[in-house]
Amino acid sequence: MNSDEYVREKAIASGSSFYYAFLFLPPERREAITAFYAFCRAIDDVVDEVTDPGVAATKLAWWQTEVGRTFAGAPTHPVTKALAPRAAAFGIAQEQLLAVIEGCRMDLQQTRYLDFPALQRYCHLVAGVVGEVSARIFGQSDPATTGYAHRLGLAFQLTNIIRDVGEDAMRGRIYLPMNELQQFDVKAHEVLNRQYSQRFTALMRFQAERAHRLYDEALALLPPADRRSQKPGLMMANIYRTLLREIERHDFQVLHQRVSLTPLRKFWLAWKVQALGRL
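Right, let's walk through the structure included here. (Residues numbered from 1 in each chain as written. Predicted model: local features only at pLDDT ≥ 70, side-chain atom pairs only at ≥ 80, totals over all residues. Heavy atoms only, no water.)

Details of helix H6 (residues 94–109)
For H6, which comprises 16 residues, the first-to-last C-alpha distance of 23 Å matches the rise-based estimate of 22 Å (1.5 Å per residue) to within 8%. In the core, the buried residues of H6 are packed alongside helix H3 (27–49), helix H4 (53–71), helix H5 (78–90) and helix H7 (116–138). (Helix = DSSP H or I, 4+ residues; strand = E, 2+ residues; numbered from the N terminus. Expected span 1.5 Å × (residues − 1). Contact = heavy atoms within 4.5 Å.)

This is how it looks when you write it as structure tokens:
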């Protein structure tokens, strides 16, 4: 298969909520965001699927070099071959791709975050920058849309953190800020051992309330001029916020399972934004 087919297969196979928003884009924008998503997926997979930290670090270093080759006009990987022409067409900067790699490198070097400001820096690299690039691909015309994209990316990442507490614990990682665990008297070993308690539920409710505030803040920051062009982001917001509400409905039973939405429901939530223009 050629590079475009390769990234398309990667996007479909991931089952990500993002894929359902891509379906409604014009072909040239859909191809660009699919290539960028495949790049982000490839980097993220290094951290999640490679068990040896040394091997993972070597792979991330290879991707860092590959980004340099790509912007020098000599990509070698199917993902970067698909991304290279779209980077030029949609103004994707080398520094933005390197920031995504740096964020994933933090996963190899850090398994705890002292407080929310420290976690925010990580979220900016792995989600805020992704939102920034995505907004440009979707058709951003107002510079103020970047602030919306950063805030929405943070909301997405916090939703992921809430959903994945159990899976991250099995990898020895806790993305919930340590000072907030202390605030709710939840011990790190309880999270790592995936032990439920009323204290844990209260902690997770606190995290969910913050995520909801960020969704509201992001939507308030979106300039009217870009509301139409940014529909894919709004579709993802509808899917992710519905997932967050589903986790709440399950009373934050996220330590032993991954709460998810069916593909049909994700498509319906995306279509509703496309057809009705609202969340």
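The rest of the description comes next.
Remarks on helix H8 (residues 145–163)
Over its 19 residues, H8 runs 27 Å from end to end, which matches the ideal 27 Å to within 8%, given 1.5 Å per residue. Among the 19 residues in H8, 15 count as buried, and that is most of the element. (Buried < 20%, exposed > 50% of the residue type's maximum accessible area, 1.4 Å probe, protein only.)

Considering the packing of aromatic side chains
In total, this model carries twelve aromatic pairs according to the counting rule given. Ring geometry for Phe-156 versus Tyr-240: centroids 4.7 Å apart, planes at 40°, classification tilted. Here Phe-156 is found in helix H8, whereas its partner Tyr-240 is found in helix H13 (residues 231–249), with 84 residues between them in sequence. Here the aromatic rings of Trp-268 and Trp-271 are separated by 5.4 Å at their centres, their planes lie at 20°, and the arrangement is stacked. Here Trp-268 and its partner Trp-271 are both found in helix H14 (residues 263–276), three residues apart, which amounts to about one turn of the helix. For Trp-271, a relative accessible area of 36% gives the class partly exposed. In textbook terms, an aromatic cluster arises when at least three aromatic residues are bridged by ring pairs, as seen for Phe-39, Trp-62 and Trp-63. A cation over a ring is seen here: Arg-210 above Phe-116, with NZ or CZ 3.9 Å from the ring centre. (Phe/Tyr/Trp six-rings, centres within 6.5 Å; stacked < 30°, edge-to-face > 60°. Lys NZ or Arg CZ within 6 Å of the ring centre and 35° of its normal.)

As for the pattern of salt bridges
Summed over the entire model, instances satisfying the criterion amount to 19 salt bridges. One salt bridge connects Arg-105 with Glu-102, and the closest N-O pair in it is separated by 2.9 Å. Here Arg-105 pairs with Glu-102, and both are found in helix H6, just three residues apart, close to one helical turn. Given a relative accessible area of 28%, Glu-102 falls into the partly exposed group. For Glu-217, the salt bridge identified is with Arg-151, shortest N-O distance 2.6 Å. In this pair, Glu-217 is assigned in helix H12 (residues 198–221) and Arg-151 in helix H8, connecting sequence segments 66 residues apart. The exposure class of Glu-217 is partly exposed, given its relative accessible area of 33%. (Salt bridge = Lys/Arg side-chain N within 4 Å of Asp/Glu carboxyl O.)

Points about the side chain of Gln-157
With respect to the helices and strands, Gln-157 occurs in helix H8. Those residues in contact with Gln-157 that sit more than four places away from it in its chain are Tyr-122, Cys-123, Val-126 and Ala-127.

Notes on the packing of H4 against H6
Packing of H4 against H6 leaves a shortest axis separation of 10 Å and a crossing angle of 180°. By the criterion of interaxial angle, the relationship of H4 to H6 is roughly antiparallel. Judged by residue contacts, Pro-53, Ala-56, Ala-57, Leu-60, Ala-61, Trp-63, Gln-64, Val-67, Gly-68 and Phe-71 of H4 engage Gln-94, Leu-97, Leu-98, Ile-101, Cys-104, Arg-105 and Leu-108 from H6. Its residues assigned to classes, the contact of H4 with H6 comprises 13 nonpolar, three polar and one charged. (Axes fitted to C-alpha atoms, helices over the stretch in contact; angles between N-to-C directions. Parallel < 35°, antiparallel > 145°, perpendicular 65-115°, else oblique. Nonpolar A, V, L, I, M, F, W, Y, C, P; charged D, E, K, R; others polar.)

Comments concerning the environment of Asp-4
Relative to the helices and strands, Asp-4 is located in helix H1 (residues 3–14). The class of Asp-4 is partly exposed, set by a relative accessible area of 25%. A sequence separation of 46 residues divides Asp-4 from Val-50, and the C-alpha atoms of the two residues are 25 Å apart. In this structure, Asp-4 is in contact with Ala-82 and Arg-86, ignoring residues within four places of it in sequence.

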